[in-house]
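# A structural walkthrough
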Amino acid sequence: DQFDNLDKHTQWGIDFLEKYAKFVKERIEIEQNYAKQLRNLVKKYCPKRSPKDEEPRFTSCIAFFNILNELNDYAGQREVVAEEMGHRVYGELMRYSHDLKTERKMHLQEGRKAQQYLDMCWKQMDNSKKKFERECREAEKAQQSYERLDNDTNATKADVEKAKQQLNLRTHMADENKNEYAAQLQNFNGEQHKHYYIVIPQIYKQLQEMDERRTIKLSECYKGFADSERKVIPIISKCLEGMILAAKSVDEHRDSQLVIDCFKSGFEPPGDFPFEDYSQNIYRTISDGTISTPKQEGMRIDSKTTVGKAKGKLWLFGKKPKPQSPPLTPTSLYTSSTPNGSQYPIFSIEPVHFCMSDIKTGKPRIPSFRSLKRGYFCLQGPALEDFSHLPPEQRRKKLQQRIDELNRELQKETDQKDALIKMKDVYEKNPQMGDPVSLQPKLTETMSNMDRLRMEIHKNEAWLSEVEGKVAARSDRRHSSDINHLVTQGRESPEGSYTDDANQEVRGPPQQHAHPNEFDDEFEDDDPLPAIGHCKAIYPFDGHNEGTLAMKEGEILYIIEEDKGDGWTRARRHNGEEGYVPTSYIDVTLEKNSKGA
């Protein structure tokens with residue numbers, strides 16, 4: 001009774017078969033295009049030499065030509081794969097799909113014919129049943145009419161006889177329709193039994209066998225799909241082995257000997273030139289026992305030129321001479337130019353003197369020199385740019401999100417700059433591929449964007465440090481070189497931006513301070529932070545980046561600052577060495593009362 005569902009299922013099977021055939025066809029096209037591109041590549045790099053050309057045959061060139069030949073054979077094997085798939089898999093699938101559609105159509109037509117025949121038998125039986133029912137009602141009416149006339153004393157004998165004849169006629173017709181209905185009912189029951197127990201099961205069995213053959217055919221095609229690739233593997237392996245043998249055949253000594261044999265002239269080296277004395281006929285009043293005495297003026301060497309050249313070359317192997325500092329101007333107070341033309345903010349000594357005077361007249365002590373820079377940059381930003389209108393935690397999140405976005409943009413610009421530099425090098429080596437000068441504007445623009453992003457990152461990190469309020473605790477772990485960088489190298493503390501990828505670390509240009517350690521003694525941090533708990537290292541950590549702390553598995557450390565949400569915890573060893581360790585690498589136990597711990 002599931003004829004319609006079987007109809008849908010068999011149609012789905014054929015559709016799936018055709019879908020796989022389409023997949024195989026697209027794979028064949030890929031193999032053909034791949035082989036074609038490989039052949040074009042080999043043709044492009046194959047040597048095009050005339051017979052008269054007697055260029056030396058270096059082993060490296062011969063090996064490359066052999067590799068091209070092997071690659072051409074490899075492309076031929078890809079064509080064999082495509083041809084095998086087209087003949088054994090795709091062509092077979094298309095032929096079988098056509099046969100399958102024809103067979104399915106035939107079986108479904110037989111099923112529909114059987115169903116139609118059963119419906120016809122049911123209609124005949126139903127018609128005979130209705131006719132028998134109608135004749136029975138008419139016979140009942142005739143009997144009632146006869147009984148009424150027979151009991152009526154006023155009725156004539158002719159009327160009674162007429163009613164009796166009518167009753168006999170209707171009774172006879174009812175008996176005939178009864179027999180016909182019984183025959184039709186018996187016939188329908190037999191056809192129905194035959195339909196559900198013989199005809200339809202036979203048709204369904206044929207459909208089942210057809211669907212199972214389709215499944216088997218798919219299985220064979222799957223295997224053929226793989227066999228087409230597996231048959232060429234030995235030949236492909238030979239091609240790869242040929243490439244390896246070609247690589248091993250390269251002989252640098254033979255190539256050198258070819259160069260020697262090609263350019264060797266065979267001439268003897270020139271001999272010494274004889275001395276020609278033109279002073280034999282000249283009267284010499286002074287004899288110093290030498291051949292000739294040059295004049296002091298001619299032998300005198302410009303001392304400035306010599307010293308200048310010596311200084312210009314000696315620093316490569318010794319100490320580089322310090323360049324003279326240019327005079328400070330209002331412009332040079334805040335910006336400095338790099339060799340590529342970009343600018344970045346710096347601090348000269350004058351803002352430091354200004355800050356020092358402000359410290360001496362106002363507050364007696366400030367946490368660190370970095371706070372001066374942070375305060376300076378915070379004053380430069382607009383009121384809403386630093387999210388100062390938001391609560392501290394919301395402000396910290398916003399600033400962190402902005403720093404992450406700027407870091408991603410900086411990484412994109414860095415990748416673009418590297419790509420442009422590589423492309424420029426390719427153009428310089430192969431001018432026919434493009435003009436390297438045309439890339440300079442884009443390269444300059446990219447580097448300018450990188451400098452702008454670095455300034456933005458530093459400015460936002462300064463604001464983030466202000467929000468965290470951890471400048472004093474962080475400054476005593478920074479070396480004096482941190483003051484000379486807008487963005488610290490390696491790893492920034494949890495208050496700043498951090499990235500695990502070394503290529504994404506934001507490195508700012510160096511500050512041009514005359515004395516970077518001049519104020520270290522005046523700007524020292526307070527006492528070390530107290531321990532708020534302890535931790536045990538679950539995994540070892542090398543701690544190569546600056547600001548991190550190396551640890552061994554099972555080592556016990558003090559916790560002096562919790563994780564701020566960036567995955568790093570600040571810890572201290574027993575010997576006082578501090579740094580940041582990954583939170584996921586340790587098992588933290590905090591003290592219940594951390595004050596005065």
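Residues numbered from 1 in each chain as written. Predicted model: local features only at pLDDT ≥ 70, side-chain atom pairs only at ≥ 80, totals over all residues. Heavy atoms only, no water.

As annotated in an unreviewed UniProt entry, the chain carries the name Formin-binding protein 1-like and is attributed to Galbula dea. One UniProt comment on the chain, placed under Sequence similarities (unreviewed entry), says "Belongs to the FNBP1 family." (UniProt positions renumbered as here; feature names shortened; annotations may be inferred.)

All told, the structure shown has 11 aromatic pairs when counted by the stated rule. Each ring, one from Phe3 and one from Tyr204, has its centre 6.5 Å from the other, and the planes form 25°; the classification is stacked. Remark: Tyr204 occurs in helix α3 (residues 157-231) and Phe3 occurs in helix α1 (residues 3-45); sequence separation between them is 201 residues. Summarising the burial analysis for this pair, Phe3 and Tyr204 share the class buried. The interplanar angle of 35° and the centroid separation of 5.7 Å between the aromatic rings of Phe23 and Phe225 together place this pair among those described as tilted. Here Phe225 lies in helix α3 and Phe23 lies in helix α1, a separation of 202 residues in the sequence. Overall, the relative accessible area of 43% leaves Phe23 in the partly exposed class. Residue Phe225 is classed as buried on the basis of its relative accessible area, which comes to 17%. For the cation-ring pair, Lys217 lies above Tyr96, with the distance from its terminal atom to the ring centre recorded as 5.4 Å. (Phe/Tyr/Trp six-rings, centres within 6.5 Å; stacked < 30°, edge-to-face > 60°. Helix = DSSP H or I, 4+ residues; strand = E, 2+ residues; numbered from the N terminus. Buried < 20%, exposed > 50% of the residue type's maximum accessible area, 1.4 Å probe, protein only. Lys NZ or Arg CZ within 6 Å of the ring centre and 35° of its normal.)

Right, let's get into the pattern of salt bridges. Across all of its chains, the model carries 26 salt bridges by this definition. Between Arg27 and Glu229 there is a salt bridge, with its nearest N and O atoms 3.0 Å apart. Here Arg27 is found in helix α1, whereas its partner Glu229 is found in helix α3, with 202 residues between them in sequence. Judged by its relative accessible area of 21%, Arg27 falls in the partly exposed class. In this structure, Asp126 engages Lys130 in a salt bridge whose closest nitrogen and oxygen atoms are separated by 3.3 Å. (Salt bridge = Lys/Arg side-chain N within 4 Å of Asp/Glu carboxyl O.)

Moving on to the confidence of the model for the chain. Confidence along the chain averages 75 in pLDDT terms, with 70% of residues attaining 70 or more. Counting interchain partners and residues more than four positions distant, the pLDDT-below-50 stretch residues 285-383 has 108 contacts. Of the regions scoring below 50 in pLDDT, residues 470-526 engages in 143 contacts with residues more than four places distant in sequence or in other chains. (pLDDT = per-residue confidence, 0-100. Contact = heavy atoms within 4.5 Å.)

Residues annotated in UniProt with the feature "coiled-coil region" (unreviewed entry) correspond here to residues 122-166 and 396-430. Helix makes up 97% of residues 396-430 and strand 0%, with an end-to-end C-alpha separation of 50 Å.

Below, the discussion takes up the sheet that holds strand β3 (residues 533-537). Pairing within the open sheet is antiparallel, and its five strands lie in the order β6-β5-β4-β3-β7. Both outer strands of the open sheet, β6 (578-582) and β7 (586-590), are each paired with one neighbouring strand and no more. When strand polarity is set aside, the average angle formed by the axes of neighbouring strands in this sheet is 40°. As paired elements, β3 and strand β4 (residues 556-561) share four bridges and run antiparallel to each other. Pairing of His534 across the sheet is with Tyr558, part of β4. (Pairing = 2+ DSSP bridges. Axes fitted to C-alpha atoms, helices over the stretch in contact; angles between N-to-C directions.)

Turning to the pairing of strand β5 (residues 568-572), a few remarks are in order. In terms of residue burial, β5 counts as a mostly covered element, since five of its five residues are buried. Of the two faces of β5, the one holding Trp568, Arg570 and Arg572 and the one holding Thr569 and Ala571 are both buried throughout. Pairing analysis gives three bridges linking β4 to β5, with the strands arranged antiparallel. Looking at β5, one finds that Ile559 is bridged to Ala571. In textbook terms, the turn of a hairpin is the stretch between consecutive antiparallel strands, and for β4 and β5 this stretch comprises six residues, one of which, Gly565, has a positive phi near 105°. Where β5 meets β6, five bridges bridge the pair, whose relative direction is antiparallel. When the bridges of β6 are listed, Arg570 appears paired with Tyr580. Between β5 and β6, which pair antiparallel one after the other, the connecting turn spans five residues, and Gly576 there sits at a positive phi close to 95°.

Before going further, it helps to examine the nonpolar core. Formed by 34 residues in total, the largest nonpolar core has its most connected members in Tyr20, Val24 and Leu93. For this core, the secondary-structure elements that each account for two or more residues are α1, α2 (59-151), α3 and α4 (233-248). Per-element tally for this core: the top contributor is α2, with 14 residues. With residues up to four places along the chain from it excluded, the contact list for Val24 reads Met85, Val89, Tyr90, Leu93 and Phe225. (Core = buried A, V, L, I, M, F, W, Y, C linked by side-chain atoms within 4.5 Å.)

Here we take up a nonpolar patch on the surface. Together, Trp12, Phe16 and Tyr222 make up a nonpolar patch on the protein surface, roughly 310 Å² of accessible area in all. With respect to the secondary-structure elements, Phe16 resides in helix α1. When its relative accessible area of 32% is taken as the criterion, Phe16 is described as partly exposed. (Patch = residues over 30% accessible without salt bridge, like charges linked within 9 Å, V, L, I, M, F, W, Y side chains within 5 Å. Areas by Shrake-Rupley, 256 points an atom, 1.4 Å probe, with all protein chains shown as cover.)

Attention shifts here to the packing of α2 against α4. Running from N to C, α2 and α4 cross one another at 170°; their axes reach a closest spacing of 9 Å. Put simply, α2 runs roughly antiparallel to α4. Of the residues in α4, those touching α2 at Ala63, Asn66, Ile67, Glu70, Leu71, Asp73, Tyr74, Gln77 and Arg78 are Ile235, Ile236, Lys238, Cys239, Gly242, Met243 and Ala246. By residue class, the composition of the contact of α2 with α4 is nine nonpolar, three polar and four charged. (Parallel < 35°, antiparallel > 145°, perpendicular 65-115°, else oblique. Nonpolar A, V, L, I, M, F, W, Y, C, P; charged D, E, K, R; others polar.)

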